[in-house]
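# Geometric and topological summary
Spelled out, the chains give:
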Amino acid sequence: MKNTTQGTSPAPLLLERSGAIATLRFNRPDTLNAIDAPMAQAFLAAVQAVVADPGVRAVVLCGNGRGFMAGGDLATLRAQPVQGAIDILTPLNQALLLLAQTNAPVIAQVHGVAAGAGLSLLLMADHVLMAEGTRLNLAYIHLGTSGDAGATWALPRLVGLRKALEIALLGDAFTADEALRLGLVNRVVPAAGLQAATDALAQRIANGPTLAYGAMKRLMRESMDRTLAAQLEAEKDAFVACAATADFQAGVEAFHARQPPVFRGC
């Protein structure tokens, strides 16, 4: 599937499919992919399509042009501060909840710049690959606002409360190497190799046990809101559910045969 136009204008988001990998590509390069209401709506529609497709086993988020995403569209927010924010954040939040709940792991492929909502989106991904030279800034404080798109949920979980407050309250820019040191990204690679690295990772994930991935995502994301006893019970329930899958049977048989498992995502 591929969506390339919206009326006579380029679509603000492209949904591309290669086998079991779905790529959602932000497509407002003239604005560094700043997210406005049409892009947010297109993002939600694409996520809904991806989540409804059991054949999708890995999701990639990336941006066209010189950067991943520069944040919210300031032209929209300047013209209609309150309604503009509602029109962007309502579909964006719905999309993020769906991605967090879907079994398919989400990979953020980040280059150039990730600021504001762009940084928030990569924080919410399950795996982040970043090009050398990328610049990051949470940026909200410079606009006199408090954060969105999951930033205040994800950031303290990734770096701890004290560092999260420093990043958010000071609003200083930082580099890809600093993001790696803080644990905000998984790998930093040369810009020329970013696409190849993403393709290899997405294919590896797409070949994995998708239902088990989904269970692991939910266990990890919900663990900080549970007691130990509740988490142990949730782990047991998830393990038992995974044990009933064809992928579990394939994994056990491959282990005994000392062969790599072949998972079908079911």
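Scope of this entry: the structure provided in the associated data block. (Residues numbered from 1 in each chain as written. Predicted model: local features only at pLDDT ≥ 70, side-chain atom pairs only at ≥ 80, totals over all residues. Heavy atoms only, no water.)

### Details of the sheet that holds strand E6 (residues 106–110)
- Taken in spatial order, the six strands line up as E3-E4-E5-E6-E8-E11 in an open sheet, and their pairing is mixed. Two strands bound the open sheet, and with one partner strand each, they are strand E3 (13–18) and strand E11 (187–189). Taken over all neighbouring pairs, the strand axes of this sheet differ in orientation by 20° on average, direction set aside.
- Across six bridges, E3 lies against strand E4 (residues 21–26) in antiparallel orientation. The residue of E4 that forms the bridge with Glu16 is Thr23.
- This element, helix H8 (residues 194–206), spans E4, strand E5 (58–63), E6, strand E8 (127–131) and E11 of the sheet and lies at about 175° to E6. (Pairing = 2+ DSSP bridges. Helix = DSSP H or I, 4+ residues; strand = E, 2+ residues; numbered from the N terminus. Axes fitted to C-alpha atoms, helices over the stretch in contact; angles between N-to-C directions. Contact = heavy atoms within 4.5 Å.)

### Here we look at a nonpolar patch on the surface
- On the surface, Ile141, Leu161, Leu165 and Leu169 cluster together into a nonpolar patch covering about 370 Å² of accessible area.
- Considering the arrangement of structural elements, one finds Leu169 in helix H6 (residues 161–170). (Patch = residues over 30% accessible without salt bridge, like charges linked within 9 Å, V, L, I, M, F, W, Y side chains within 5 Å. Areas by Shrake-Rupley, 256 points an atom, 1.4 Å probe, with all protein chains shown as cover. Salt bridge = Lys/Arg side-chain N within 4 Å of Asp/Glu carboxyl O.)

### Concerning the nonpolar core
- One finds Leu24, Phe43, Val59, Leu122 and Leu184 to be the most contacted residues of the largest nonpolar core, which totals 55 residues.
- Of all the elements, helix H1 (residues 37–51) adds the most residues to this core, at eight residues.
- Membership of the second largest hydrophobic core comes to 13 residues, among which are Ile107, Leu129, Val189 and Ala202. (Core = buried A, V, L, I, M, F, W, Y, C linked by side-chain atoms within 4.5 Å. Buried < 20%, exposed > 50% of the residue type's maximum accessible area, 1.4 Å probe, protein only.)

### Considerations on the pairing of E8
- The buried fraction of E8 is high, at four of five residues.
- As paired elements, E6 and E8 share four bridges and run parallel to each other. Bridge pairing links Val110 to Met130 in E8.
- Of the strand pairs in this sheet, E8 and E11 are connected by three bridges, and their pairing is parallel. What sits directly across from Leu129, in E11, is Arg187.

### Details of the packing of aromatic side chains
- Evaluation of the coordinates by the stated rule reveals three aromatic pairs.
- Seen in terms of ring centroids, Phe26 and Phe43 are 5.5 Å apart; in terms of plane orientation they differ by 50°. Their pairing is tilted. Note that Phe26 is positioned in strand E4 and Phe43 in helix H1, a separation of 17 residues in sequence. With respect to burial, Phe26 and Phe43 carry one shared label: buried.
- Ring geometry for Phe239 against Phe248: centres 6.0 Å apart, planes inclined by 75°, an arrangement best described as edge-to-face. (Phe/Tyr/Trp six-rings, centres within 6.5 Å; stacked < 30°, edge-to-face > 60°.)

### A few points about the pattern of salt bridges
- Under the criterion given, the structure shown has 11 salt bridges.
- Note that Arg28 and Asp73 form a salt bridge whose closest N and O atoms lie 3.3 Å from each other. Here the residue Arg28 occupies a position in the loop between E4 and H1, and Asp73 occupies one in the loop between E5 and helix H2 (74–79), the gap between them amounting to 45 residues.
- Taking relative accessible area as the criterion, Arg28 reaches 19% and is therefore assigned buried.
- Ionic pairing is found between Arg181 and Glu178, a salt bridge with its closest N-O pair at 2.7 Å. Of this pair, Arg181 and Glu178 both sit in helix H7 (residues 176–182), three residues apart, which is roughly one turn of that helix.

### Focus on unusual backbone geometry
- Even without glycine at this site, Asn33 takes up a positive phi of about 60°.
- Secondary-structure assignment places Asn33 in the loop between E4 and H1.
- In this structure, Ala149 takes a positive phi of about 55° despite not being glycine.
- Inspection of the secondary structure assignment puts Ala149 in the loop between strand E9 (135–137) and helix H5 (151–159).
- Look at Ala149 and you get buried, because its relative accessible area is 2%.

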